[in-house]
Amino acid sequence: MADIRAHAELALAWAFRLAGRLDGPAAAPCDSRAVILAYHRVLPRDSIRRFPFLEDLVTPLESFKTQMDFLSLRCRVVPLEQLVAMLRDGGKFPPRCVGITFDDGYADNYLHAYPILKRHGLAATIFLTTGFVGGRSGLFWWDEVCRWRASGVKSLEVEGLGRRSLATLAQRDRLLAEMKRFPMDEIVRRVHGTSSRLGLGADPRAAGDFMTWEQIREMRNGGISFGAHTVSHCLLPVESPERRILEIRRSRADVERETGRPCRLFCYPNGAADAPSEAEVRAAGFEAAMAASPRDVVPGAALYRLPRKVLNYRVGPTAFRFKLSPHPERIKRLFEPAQRSGV
Ligand SMILES: [Zn+2]
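S.K.: Looking at this model, I keep getting lost on the overall build of the protein. Mind explaining?
M.R.: Helix and strand counts for the protein stand at 14 helices and twelve strands. Compactness check: the protein gives a C-alpha radius of gyration of 20 Å against a globular reference of 20 Å for 343 residues, within 12% of the reference. For the protein, the C-alpha atoms occupy an extent of roughly 60 × 45 × 45 Å along the three principal directions. Counting only residues that meet the buried cut, the protein has 38% of its 343 residues in that class.

Take a look at the structure:
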């Protein structure tokens with residue numbers, strides 16, 4: 001489904017490009033809007049081939065460089081806190097207003113993305129899964145599942161789910177989706193139990209896969225801000241209220257303690273939010289929270305479900321410019337004229 005949408009978007013992007021209208025009008029004062037970009041990993045192409053990352057989360061370093069060149073030349077990148085303040089205060093966004101975010105806290109954000117952001121003087125916010133900082137908790141469970149497939153496993157027994165095939169990427173993705181129905185402790189128990197049965201010990205790369213607090217503090221001094229993304233990367237709607245509150249509040253306390261700065265922004269893992277988790281994020285003192293719907297931020301947008309546009313290896317230069325343009329939002333509005341209420 002995501003593939004079909006990506007193909008449709010790319011076809012539209014090319015149609016606009018061929019018509020010479022890919023970027024939209026240079027400035028549209030009556031069309032106050034901003035785009036928040038969501039990255040996860042940024043890796044050189046040759047290292048992507050070497051390790052079984054969940055490829056949907058990876059932007060090749062070479063593409064990232066081109067994208068940051070474009071943003072610094074053609075857009076107004078603002079710190080996310082500033083973008084949120086503009087929205088909250090009902091002010092207008094400057095033309096081509098963009099916020100840059102990264103989720104999860106992978107070390108490549110520091111190693112590869114940060115030097116480029118710094119060179120261009122671009123602000124960004126990184127949402128940290130605080131229990132994984134420094135690699136103390138091994139790999140994320142989805143990267144562990146990618147290891148199963150990379151080790152040559154074609155099908156296997158997963159506790160509670162029965163036999164599952166991993167022969168194709170679509171089958172692997174189905175398994176990942178099925179696992180997300182469980183609370184995080186259950187997922188971790190099943191995934192690590194399966195890795196043990198497959199004879200896969202702890203991955204020695206885990207320690208180097210995540211940023212350290214020292215790197216985070218260095219980036220803080222270089223214009224990067226940090227938000228909370230829970231402690232364990234649990235999907236809030238499937239957890240108990242007690243666990244949700246603990247994950248939301250502890251991740252905020254971790255970020256504030258280690259960075260010495262207020263942590264004002266939250267990001268729901270997988271963009272998964274419901275009314276109770278939104279209320280808990282609000283009660284914990286966050287000023288805004290990021291979801292994952294691929295829309296523009298427009299005046300009146302819900303502060304605790306801000307839309308973001310996810311970037312990965314599939315997004316080439318044409319699709320990138322299209323995502324930044326006003327066209328996708330206008331096209332989506334054509335199909336939901338009665339529903340625009342900023343939600
Ligand atoms: Zn995440």
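S.K.: Is there a simple way to explain the packing of helix H11 (residues 241-259) against helix H12 (residues 275-283) in this structure?
M.R.: To describe two helices that pack against each other, one gives the angle between their axes and the distance between the axes. Between H11 and H12, the least distance of the axes is 10 Å, while the angle of their chain directions is 40 degrees. Put simply, H11 runs oblique to H12. Both H11 and H12 take part in a crossing whose hand is right-handed. Facing Pro241, Arg244, Ile245 and Ile248 of H11, the residues of H12 in contact are Pro276, Ser277, Glu280 and Val281. A per-class count over the contact of H11 with H12 returns five nonpolar, one polar and two charged.

S.K.: What am I meant to see in the domain arrangement of the protein here?
M.R.: Where the parts come together, the accessible area they lose is often given as the size of the interface. Looking at the assigned domains, one finds that the protein contains domain 1 (31-136 + 212-334) and domain 2 (141-197). Centre-to-centre separation of domain 1 and domain 2, based on C-alpha positions: 27 Å. Every contact between the two is made by nine residues of domain 1 and, on the other side, eleven residues of domain 2. Per-class residue counts for the side of domain 1 that touches domain 2 are six nonpolar, two polar and one charged.

S.K.: Help me understand unusual backbone geometry in this model?
M.R.: Note: most peptide bonds trans; most residues except glycine with negative phi. The phi torsion at Arg96 lies on the positive side, around 55 degrees, for a residue other than glycine. Notably, His233 is not glycine yet its phi reads approximately 65 degrees, a positive angle.

S.K.: Explain the pairing of strand S1 (residues 34-39) to me, please; I cannot follow it from the model alone.
M.R.: Each regular strand shows side chains that alternate between the opposite faces of the sheet. Most of S1 is tucked away: six of the six residues are buried. By the alternation rule, side chains of S1 split into Ala34, Ile36 and Ala38 and Val35, Leu37 and Tyr39, which are all buried. Bridge count between S1 and strand S5 (residues 97-104): six bridges; the pairing is parallel. Of the residues in S5, the one forming a bridge with Ile36 is Gly99.

S.K.: Would you take a moment to explain the nonpolar core for this structure?
M.R.: Nonpolar side chains in soluble globular proteins generally cluster together in the buried interior. Counting 82 residues, the largest nonpolar core has Ala34, Ile36, Leu37, Val98, Phe266 and Ala289 as its most contacted members. For this core, the leading source of residues is S1, giving six residues. Two domains each donate at least three residues to this core, and these are domain 1 (31-136 + 212-334) and domain 2 (141-197).

S.K.: It is not clear to me how helix H5 (residues 107-120) should be interpreted in this structure. Could you clarify?
M.R.: Since there are 3.6 residues in each turn of an α-helix, residues three or four apart along the chain are aligned in direction. Here H5 spans 20 Å end to end across 14 residues, near enough to the 20 Å set by a 1.5 Å rise per residue. In H5, a bend of some 45 degrees at Ala113 exceeds every other bend along the element, and Pro115, a proline, comes one to four places later. Within H5, burial applies to Asp108, Asn109, Tyr110, His112, Ala113, Tyr114 and Leu117. The secondary structure elements touched by the buried residues of H5 are strand S2 (41-43), helix H3 (61-74), S5, strand S6 (124-128), helix H10 (213-221) and strand S9 (224-228). Remark: Gly121 follows H5 within two positions and exhibits a positive phi of approximately 65 degrees.

S.K.: Mind showing me how you'd approach the pairing of strand S8 (residues 162-165) here?
M.R.: Where strand S7 (residues 155-158) lies against S8, four bridges are found, and the strand directions are antiparallel. Residue pairing across strands places Leu156 opposite Arg164, the latter belonging to S8. Where S7 folds back on S8, the antiparallel hairpin that results is connected by three residues, among which Gly160 adopts a positive phi of roughly 85 degrees.

S.K.: I keep staring at the environment of Leu18 and nothing clicks. Help me out?
M.R.: With respect to the secondary-structure elements, Leu18 resides in helix H1 (residues 2-18). Measuring from C-alpha to C-alpha, the distance between Leu18 and Ser63 comes to 21 Å, with 45 residues separating the pair along the chain.

S.K.: How should I be thinking about the packing of helix H6 (residues 141-150) against helix H7 (residues 169-179) in this particular structure?
M.R.: Their axes nearest at 11 Å, the elements H6 and H7 cross at an angle of 145 degrees. The handedness of the crossing between H6 and H7 is right-handed. Taking contact as the criterion, the partners of Trp142, Val145 and Arg149 in H6 are, on H7, Arg172, Leu175 and Leu176. Along the lines of polarity and charge, the residues of the contact of H6 with H7 split into four nonpolar, no polar and two charged.

S.K.: Explain the environment of Arg282 here, please?
M.R.: Looking at the element boundaries, Arg282 is found in helix H12. The spacing of Arg282 and Tyr304 is 22 residues in sequence and 7.5 Å in space, taken between C-alpha atoms.

S.K.: Looking at this structure, I do not really get the environment of Gly135. What am I missing?
M.R.: Within the secondary structure, Gly135 is located in the loop between S6 and H6. Considered as a pair, Gly135 and Phe210 are 75 residues apart in the sequence and their alpha carbons are 5.3 Å apart.

The rules behind the values
- Residues numbered from 1 in each chain as written.
- Predicted model: local features only at pLDDT ≥ 70, side-chain atom pairs only at ≥ 80, totals over all residues.
- Helix = DSSP H or I, 4+ residues; strand = E, 2+ residues; numbered from the N terminus.
- Rg over C-alpha atoms; globule rule 2.2 N^0.38 Å.
- Buried ≥ 20, exposed ≤ 12 C-beta atoms within 10 Å, placed from the backbone.
- Axes fitted to C-alpha atoms, helices over the stretch in contact; angles between N-to-C directions.
- Parallel < 35°, antiparallel > 145°, perpendicular 65-115°, else oblique.
- Left-handed = near helix turned anticlockwise from the far one by under 90°.
- Contact = placed C-beta atoms within 7 Å.
- Nonpolar A, V, L, I, M, F, W, Y, C, P; charged D, E, K, R; others polar.
- Domains from an automatic or database assignment.
- Pairing = 2+ DSSP bridges.
- Core = buried A, V, L, I, M, F, W, Y, C linked by C-beta atoms within 7 Å.
- Expected span 1.5 Å × (residues − 1).
- Bend = angle between axes of the 7 residues up to and from the residue.

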